[in-house]
Number of protein chains: 4
Amino acid sequence: MDKTQESLAGIAEKFQRIRQFTSTICEGLQPDDYNAQPVLFVSPPKWHLAHTTWFFEEFILVRKAGRRYFNESYPYLFNSYYDLIGDRVTRDSRGTLTRPILKDILEYRSYVENEMLEYLSKTEADDDTRALVELGLNHEQQHQELLLTDIKFILGHNPLTPVFRKSQHLPSEKKVAPGIEVPGGVYKIGYDGEGFSFDNESGAHSVFLHDYRIDRDTVTNAEYIRFIHDNGYERPELWLADGWDWVKNHKINAPMYWQKKDDVYFRYGLNGLSRLNLLEPVSHVSFFEADAYARWKGKRLPTEFEWEVACRTQAELSASENFAENGHYEPVPHDQGAHFLGNVWEWTNSAYLPYPFYKKPEGAVGEYNGKFMINQMVLRGGSCATPKDHIRITYRNFFHPEERWQFSGIRLAEHIH
Amino acid sequence: MDKTQESLAGIAEKFQRIRQFTSTICEGLQPDDYNAQPVLFVSPPKWHLAHTTWFFEEFILVRKAGRRYFNESYPYLFNSYYDLIGDRVTRDSRGTLTRPILKDILEYRSYVENEMLEYLSKTEADDDTRALVELGLNHEQQHQELLLTDIKFILGHNPLTPVFRKSQHLPSEKKVAPGIEVPGGVYKIGYDGEGFSFDNESGAHSVFLHDYRIDRDTVTNAEYIRFIHDNGYERPELWLADGWDWVKNHKINAPMYWQKKDDVYFRYGLNGLSRLNLLEPVSHVSFFEADAYARWKGKRLPTEFEWEVACRTQAELSASENFAENGHYEPVPHDQGAHFLGNVWEWTNSAYLPYPFYKKPEGAVGEYNGKFMINQMVLRGGSCATPKDHIRITYRNFFHPEERWQFSGIRLAEHIH
Amino acid sequence: MDKTQESLAGIAEKFQRIRQFTSTICEGLQPDDYNAQPVLFVSPPKWHLAHTTWFFEEFILVRKAGRRYFNESYPYLFNSYYDLIGDRVTRDSRGTLTRPILKDILEYRSYVENEMLEYLSKTEADDDTRALVELGLNHEQQHQELLLTDIKFILGHNPLTPVFRKSQHLPSEKKVAPGIEVPGGVYKIGYDGEGFSFDNESGAHSVFLHDYRIDRDTVTNAEYIRFIHDNGYERPELWLADGWDWVKNHKINAPMYWQKKDDVYFRYGLNGLSRLNLLEPVSHVSFFEADAYARWKGKRLPTEFEWEVACRTQAELSASENFAENGHYEPVPHDQGAHFLGNVWEWTNSAYLPYPFYKKPEGAVGEYNGKFMINQMVLRGGSCATPKDHIRITYRNFFHPEERWQFSGIRLAEHIH
Amino acid sequence: MDKTQESLAGIAEKFQRIRQFTSTICEGLQPDDYNAQPVLFVSPPKWHLAHTTWFFEEFILVRKAGRRYFNESYPYLFNSYYDLIGDRVTRDSRGTLTRPILKDILEYRSYVENEMLEYLSKTEADDDTRALVELGLNHEQQHQELLLTDIKFILGHNPLTPVFRKSQHLPSEKKVAPGIEVPGGVYKIGYDGEGFSFDNESGAHSVFLHDYRIDRDTVTNAEYIRFIHDNGYERPELWLADGWDWVKNHKINAPMYWQKKDDVYFRYGLNGLSRLNLLEPVSHVSFFEADAYARWKGKRLPTEFEWEVACRTQAELSASENFAENGHYEPVPHDQGAHFLGNVWEWTNSAYLPYPFYKKPEGAVGEYNGKFMINQMVLRGGSCATPKDHIRITYRNFFHPEERWQFSGIRLAEHIH
């Protein structure tokens, strides 16, 4: 049995499992929730369901297998940003597409899944096809996370603060762990394994790091409240100029989803509105807030290289962390130990730029990552909304510095003199 | 049996009939359609269902009958613009309210209907209560029209151009009728009958009119196409300055819902996309377009006073016109005769301002009409989306001069030398 | 000597006098002031100087006398809004035109003045030419007022609050006069004399008025402060809906140019910053404020027809009022008597719409007034910045309801039962 | 004679020379030019003159020497962005400040210069004071460059395309030189000399570079035209996503200041409008354009570290380059040789971020650089508008990726396999 045939069997099972998980996530939705787009950067759940399906249809069924489209209008409706594929609905119209209706989209999903499974069972996959299927699955997993954070945005801005999923038992203890010290030198960065990786993390290369110390865990709500009480949101010297403008223009005075009632902080989570858990990692902070917090603390954010090297040094990194499959969908307090993966994404002080040997892939797939390499900052480590087998130590996520509807938190570092 | 008791029986029947018609209108909707708000001025169907219900709950059940709210959050969610009642969801958020779900809203409707019927059956209505119920019913009828035009906007901007309601047989002939000449003099304007009227049309008063001639019918699609072919949209001298800016900024070159394919005009209607019927009245034009068309034709729009006086002179005004109850939901070609009511609203060259004896009612009801008397133009006559027993000869509708998602058409007038 | 020749001599003198007054107004300017455009609706003084000159060059010297342009670029630079003449610099760029420099513009003015005087001295003017020269002079006078109000805006928003012109002695007394009662009936409206008038006020026609009472004088600062102290700016029921939005969005809490320091009101005037004179007419209020004030007072604004008819009834109307030629450039307190002309413009509750017999003139001159007849409200009576021989009882000024950088005040009226 | 006293003498001479050069730059201005602010990012020349003066007054005369302000309003008017110093005029109002007038500002400059010279002559400068004076002078030099590029923007957007300074003789030849190859390894980056440097370039540290090749000179107009002719501005695959939006939204199709007439390119320069010189370095391109050009060419932009290391390897780097003191104020064609300094700034593919050991200085001076370290890209090397003794090999300039009113050009690099 050669490697190609083995892989095809494996990939079909993986395809089914990942697609199924998208449906699992949607279990808490009401029919009314599927079509909302309260702000430009949030997409309606129905659109996520269709768009991830279109990706497989377009790149595998149509382009590789020569099938016709399920519906000739769908590429126009469900292409997200691929300029080389053709015209598309503008992003701000996604929430207005009441048709096709949800039932049609679910049929579309079934259709494409069946076609894909048939195709995978009959086809001797070339490298390119396998890479595209892998890309499609990772793409679906990225949208699983967005699905959760977009649902949170939709429900979290509803005055009724609905519960999406009942809360589960939470750890109630938290011990402070000492920082990790990393000696300076030349380190390898980036992915060079056998499995799937995105183009933006590939091309292993060397960087020089000076000695540094990095925290073993991320900042908690309790710690972040100290920053607020010390007037962190009112002191311009703690902020980048653009961050200070953002704070003033949007009257920011706490992380997203926090509400203050009679001097007590509550936070909206997918498990509803509840009193803030002080032991939880702070999340839904922007880069601007993470950066200001670090400055207030007399430290700084790590670069993405410092993060990656430190993460590799931790032998105990395990699969026991808080990922989307746990179904908790909110960060949890940590016990003692180093926690680099899961729970909350961590802002780094690295701009999202190409690695030295980066080459944008040819054609529409080349639009996947490369064209966004400007004006965004890198986040590392995955969150409680990230599927577990989607994350990697080398994984680079990226958002604009003011964005905070993802589960984004803070880890601190400092220079060792 | 005194008059009050008679009226109460009558009003309960009317209440049921009008509320039922709202449900009838919704029959063509899919669950997905209920929550969309593609532009600020369109409200989601679900919101219309809840808001019209809230009106009865707020002004009758809570304020008159002393009941508690069905849900304490609903006033916040479904108040439209009454500042004196309290805070409310901002207009641009209506489309983001996925909760309460449709099922809850339908329950809310049932609950309020039952409570209202019980209240109406048991209560000896004072004048104020009767007036409020009448206002609520007329309010519901206004929203029935908005429901239709908002549904049309939502579906008409969907790339799939869905059919909301199958087309019906249409008249195919149209004969030109001569204009109506009205001699100058002092005329009475405004409502002073016994039945319901809005505050904005009440307070009968006198105006002086000079001799004028007014068309017996509204402008057809065929006539409007001649304006387009004569480069009507490209000649600044035909337009008001703000209208010319609007044409250029929005690249306007035809009425809303028209599409040109291979030199043939199609138009989207609630019966789907079909070839333009040349005999139909032109509709979905803005005041700017109506005004430019009139100037191109060497005529002008009538004032609302000229319209009202001319309308009264027509003995044959009848109930046979095209209103919402017909279920056609699109304008139809006219036979010979004067047609002032139904089919399409007609722009006048009158700004929406108070009549001489106008007094804004006290309290929140006073916000119904009076506070909008600026920057809008008056339309008269009702349309194919207006409930028949809602319209009156004295009825004043009003929209901003660039708005055209209502069924708005053109009637011309001219001075007689 | 026939009438034509008489008129030509007269018009040359008038031409010189009016042009000279533009220079008189500019005496208080520093070179730095000539080029500023702090907001879109304010034009730089240098632009006013050039634009009024271009008007004579374009319509008389080039189009009538066949001369070449002083500079081929100037029509592009100094045309304001005439679409039929050709392209032009966008309005928002006027403040960026540092070239041509002031010296060049003053030469341009001299050149056109000399050419015009020569032309007027040698030409047997036809009716059309005389009408154009009259139009140009009235146009210049309109810009004299705008020059003053634009200068006030530029200097009044400078943190140094510079004095443009030293203050003069002011009356210090003010007696309340009873209102004027006007019986209902059919009245004549509009200009039908021999002299110059704008197209928008011509075409005398009849209107019917019901009995009304109108104040003999405009509202004072003292009276307006009572409105403020009664929380006038915080009560939505007093405002039109658009006005209420305007108040909240722009945090309006007093007329333009008022400043509050330690509970005392100051106001910036062209004579500098000084303590508010309570006897002065309130000025620099928007239509929204005028309308809210009237509602608070239990009265209403007059229509422009009521204003015009009442004004005609006042025998004592005289040339002794406060106009631009006085050089005071700010409103003054009134003695006992009726004051309809000068001091402050008065908002009416009439939308700016065409009179019944209105016909837009052919060609570019037709763009002067007619194309602005939408979304604006009429003001009557002239102000302290209006040249005395420019105003008429029939004169219709017009601005958008939120605008208030003109000297705009309030006169109240009410219905007589 | 100790070092401190020597330095003070030196610095007074330098102070006079640098301040004088600001006046030299202004020689070509007309009085009308001093106050214009055509877009938000351009400041009026008068403001530059006052702001650079305020810097010395605030940080030396007031804070060190204890003098009173020349005018109490000036700190409010001429502070640029120092939040810790207090309120200030908003940036968009700079062009509206017609007062203080130019004469007052020139007096302000004289006053501060005299006071400074007196202070420098009498004071035994401590390290902090000397550092502040040095900072003030470098600050003034930065504004000299901005003064030139802002003047160019003001005059270059005037329809009359005025000449600011007559053209001079230009080289007419250009020979292509081979690229420079740099072997991989650990390199030192940043300033650690004795003289002045900005905080953002200090803190020498190590970076690891892989083997690379970098061009000896910047891209010429001739080369850039080939990109345009190959439809560079119409192919989305060449652009970053934000860059492609920028191209479409602003209809970009050539560098700033280029005009196409009858298929021939002209460019506006401070020497007026002239036919494009094909041998000149392309300038006034945004980062987006530089990046797209590099992708089209199959190369990439260097990182700022690659640029700095390559620059150091060039023994022939000299003071003979094209800087502001030459008075040419436009880029010139290069002869054979490596040209890293002067002529045009060069975009790098490095985001503007803190160096590893960066510490923001305490107090208001700490706002000089650090707070802008987000969303900007680094440029290196100085331009024809940069004073010669202001530039350094380690100098880091920074602008947003869409900005191009500076003299910004392109140097290419590539990976060596």
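Summary of the structure given here. For every chain, the first residue of its written sequence is number 1, and the numbers climb from 1 along that sequence. Starting at A for chains and at 1 for ligands, labels are handed out in the order in which the entities are written. Only residues with pLDDT of at least 70 are given local features in this predicted model, and only at 80 or more are side-chain atom pairs given and counted; all residues enter the totals for whole chains, interfaces and linings. Derived side-chain values reflect all non-hydrogen atoms in the structure, with water molecules and hydrogen atoms excluded from consideration.

**Description of the pairing of strand β9 (residues 377-380) of chain B**
Residues and elements named next belong to chain B. Put simply, the test is: Note on exposure labels: buried denotes an accessible area under 20% of the residue type's maximum, exposed denotes more than 50%, and partly exposed covers the range between, all computed with a 1.4 Å probe on protein chains only. In DSSP terms, a helix is any run of H or I states spanning at least four residues, a strand is any run of E spanning at least two, and both are numbered starting from the N terminus. Note on pairing: two strands pair once DSSP finds at least 2 bridges between them.
Here β9 shows a buried face lined by Met377 and Leu379 and a second buried face lined by Val378 and Arg380. Judged from the 3 bridges that link them, strand β8 (residues 345-351) and β9 form a sheet pairing that is antiparallel. Looking across to β9, one finds that Ala351 is bridged to Met377. Pairing of β9 with strand β10 (residues 397-399) involves 3 bridges; the strand directions are antiparallel. Bridged to Val378 within β10 is Phe398.

**Re the relation of the copies chain C and chain D**
Heads up, the condition is: The least-squares superposition of copies is restricted to C-alpha atoms, and to residues with a pLDDT of at least 70 in both copies. Contacts between residues were defined by any pair of non-hydrogen atoms, one from each residue, lying within 4.5 Å.
If you rotate chain C by 180° and push it 0.1 Å along the axis, it lands on chain D with an RMSD of 0.1 Å. On this basis, the relationship between the two copies can be described by a two-fold rotation axis. When you check the interface residues of chain C against chain D, 100% turn up at the interface there too, and the contact is symmetric in its surfaces.

**Re the packing of aromatic side chains**
Short version of the rule: Side-chain rings of Phe, Tyr and Trp, where Trp is taken by its six-membered ring, are said to pair if the distance between their centres is within 6.5 Å; with planes under 30 degrees apart they count as stacked, over 60 as edge-to-face, and otherwise as tilted. We count a charge as sitting over a ring when the NZ of a lysine or the CZ of an arginine lies within 6 Å of the ring centre and within 35 degrees of the ring normal.
A complete count under the given rule lists 157 aromatic pairs over all chains for this structure. Arranged with centres 6.0 Å apart and planes meeting at 45°, the rings of Trp54 of chain D and Tyr82 of chain D form a pair that is tilted. You can see Trp54 of chain D sitting in helix α2 (residues 45-62) and its partner Tyr82 of chain D sitting in the loop between α3 (74-78) and α4 (102-122), a full 28 residues away along the chain. Note on accessibility: Trp54 of chain D and Tyr82 of chain D belong to one class, buried. Feature note: the residues Trp54, Phe55, Phe59, Tyr82, Phe196, Phe198, Trp345, Tyr368 and Tyr395 of chain A constitute an aromatic cluster, connected by ring pairs. The ring of Tyr329 of chain B is capped by Arg165 of chain B, whose NZ or CZ atom sits 5.4 Å from the centre of that ring. Seen from the ring of Phe340 of chain D, Arg411 of chain D lies directly overhead, with NZ or CZ sitting 3.8 Å from the centre.

**Remarks on the pattern of salt bridges**
How we decide: Salt bridges, as used here, are contacts in which a Lys or Arg side-chain nitrogen is within 4 Å of a carboxyl oxygen on Asp or Glu.
A complete count under the given rule lists 139 salt bridges over all chains for this structure. Between Arg99 of chain D and Asp33 of chain C there is a salt bridge whose closest N-O contact spans 2.6 Å. Taken together, the residues Arg99 of chain D in the loop between α3 and α4 and Asp33 of chain C in the loop between α1 (3-25) and α2 (45-62) connect one chain to another. Across the pair, exposure class does not vary: Arg99 of chain D and Asp33 of chain C are buried alike. Among the charged side chains, a salt-bridge network with shared partners connects Glu181, Arg213, Asp215, Lys299 and Glu414 of chain A.

**Quick word on the interface of chain A and chain D**
Our working rule: Two parts lose some accessible area (1.4 Å probe) when they are put together, and adding that loss for both gives the buried area. Polar contact criterion, stated in full: a pair of N or O atoms within 3.5 Å, where within protein one must be able to donate a hydrogen and the other to accept it, and residues adjacent in sequence count only if both atoms are side-chain atoms. Just so you know the grouping, Ala, Val, Leu, Ile, Met, Phe, Trp, Tyr, Cys and Pro go in nonpolar, Asp, Glu, Lys and Arg go in charged, and all remaining residues, Gly too, go in polar.
Taken together, the contacts link 39 residues of chain A with 39 residues of chain D. The contact between chain A and chain D buries some 2900 Å² in all, and 63% of this surface belongs to carbon and sulfur atoms. Along the contact surface separating chain A from chain D lie 0 salt bridges. Linking chain A with chain D are 6 residue pairs in polar contact (both at pLDDT 80 or more), by the criterion used here. Broken down by element, the residue count for the side of chain A that touches chain D peaks at 4 residues, all from strand β3 (residues 205-209) of chain A. Class assignment of the residues belonging to the side of chain A that touches chain D gives a composition of 21 nonpolar, 10 polar and 8 charged.

**Thoughts on unusual backbone geometry**
Cis geometry is adopted by the peptide bond preceding Pro100 of chain A, which originates at Arg99 of chain A and carries an omega value of -5°. Among the secondary structure elements, Pro100 of chain A is positioned in the loop between α3 (74-78) and α4 (102-122). One non-glycine residue, Asn375 of chain B, adopts positive backbone phi at about 60°.

**Structural notes on the relation of the copies chain A and chain D**
You can overlay chain A on chain D at an RMSD of 0.1 Å; the transform is a turn of 180° with a shift of 0.1 Å along its axis. Looking at the interface residues of chain A, 100% of them are also at the interface in chain D, so both copies use one shared face.

**Remarks on the sheet that holds strand β6 (residues 264-269) of chain C**
All names here are of chain C. Applicable threshold: Axis lines are fitted through C-alpha atoms, for helices just across the contact stretch, and the angle between N-to-C directions can take any value from 0 to 180 degrees.
The antiparallel open sheet is built from 3 strands, whose spatial order is β5-β6-β7. With partners counted over all chains shown, the strands left at the sheet margins are β5 (258-261) and β7 (272-275), one partner each. The average undirected angle you get between the axes of adjacent strands in this sheet is 30°. Sheet topology note: the β5/β6 ladder contains 4 bridges and is antiparallel. For Lys260, the partnering residue across the bridge sits in β6 and is Tyr265. On the sheet, helix α6 (residues 221-229) packs against β5 and β6 and is oriented at approximately 65° with respect to β5.

**Structural notes on the interface of chain C and chain D**
Each side of the interface is counted separately: chain C has 26 residues, and chain D has 26 residues. Buried area between chain C and chain D, both sides added, is near 2100 Å², and the carbon and sulfur share of it is 61%. Of all residues in chain C, Asp32, Arg99 and Leu160 of chain C give up the largest surface area on contact with chain D, accounting jointly for 32% of the area buried on that side. Between the two partners, chain C and chain D, sit 4 salt bridges. A salt bridge links Asp32 of chain C to Lys46 of chain D; the shortest N-O distance between them is 2.9 Å. Joining chain C to chain D, the criterion identifies 10 residue pairs in polar contact (both at pLDDT 80 or more). For the side of chain C that touches chain D, the secondary structure elements donating two or more residues are α3 (74-78) and α5 (127-156) of chain C. Taken together, the residues of the side of chain C that touches chain D sort by class into 14 nonpolar, 8 polar and 4 charged.

**Some details on the sheet that holds strand β10 (residues 397-399) of chain D**
Sheet architecture is open: 4 strands sit in the order β10-β9-β8-β11 (chain D), paired in mixed fashion. Strands at the two margins of the open sheet, each flanked by one partner only, are β10 and β11 (408-409) of chain D.

**A look at the packing of α2 of chain D against helix α5 (residues 127-156) of chain D**
All names here are of chain D. Stated precisely, the cut-off is as follows: Reported orientations rely on four angle classes, namely roughly parallel under 35 degrees, roughly antiparallel over 145, roughly perpendicular from 65 to 115, and oblique for the rest.
It is at 9 Å that the axes of α2 and α5 come closest, and there the two elements cross at 170°. With respect to α5, the axis of α2 lies roughly antiparallel. Partitioned by chemical class, the residues of the contact of α2 with α5 number 14 nonpolar, 7 polar and 2 charged.

**Here's the deal with the arrangement of the chains**
Separated throughout, chain A and chain C approach each other most closely at a C-alpha pair spaced 14 Å apart. With no contact between them, chain B and chain D keep their nearest C-alpha atoms 14 Å apart.

**Some thoughts on the packing of helix α6 (residues 221-229) of chain B against helix α8 (residues 287-296) of chain B**
All names here are of chain B. Between α6 and α8, the shortest axis-to-axis distance is 11 Å and the interhelical angle comes to 80°. Taken together, the axis directions place α6 and α8 in an arrangement best described as roughly perpendicular. When α6 is examined against α8, the residues Glu223, Tyr224, Arg226 and Phe227 are found in contact with a partner set consisting of Glu289, Ala292, Tyr293 and Trp296.

Such coordinate-based values are descriptive only and should not be taken to indicate function.
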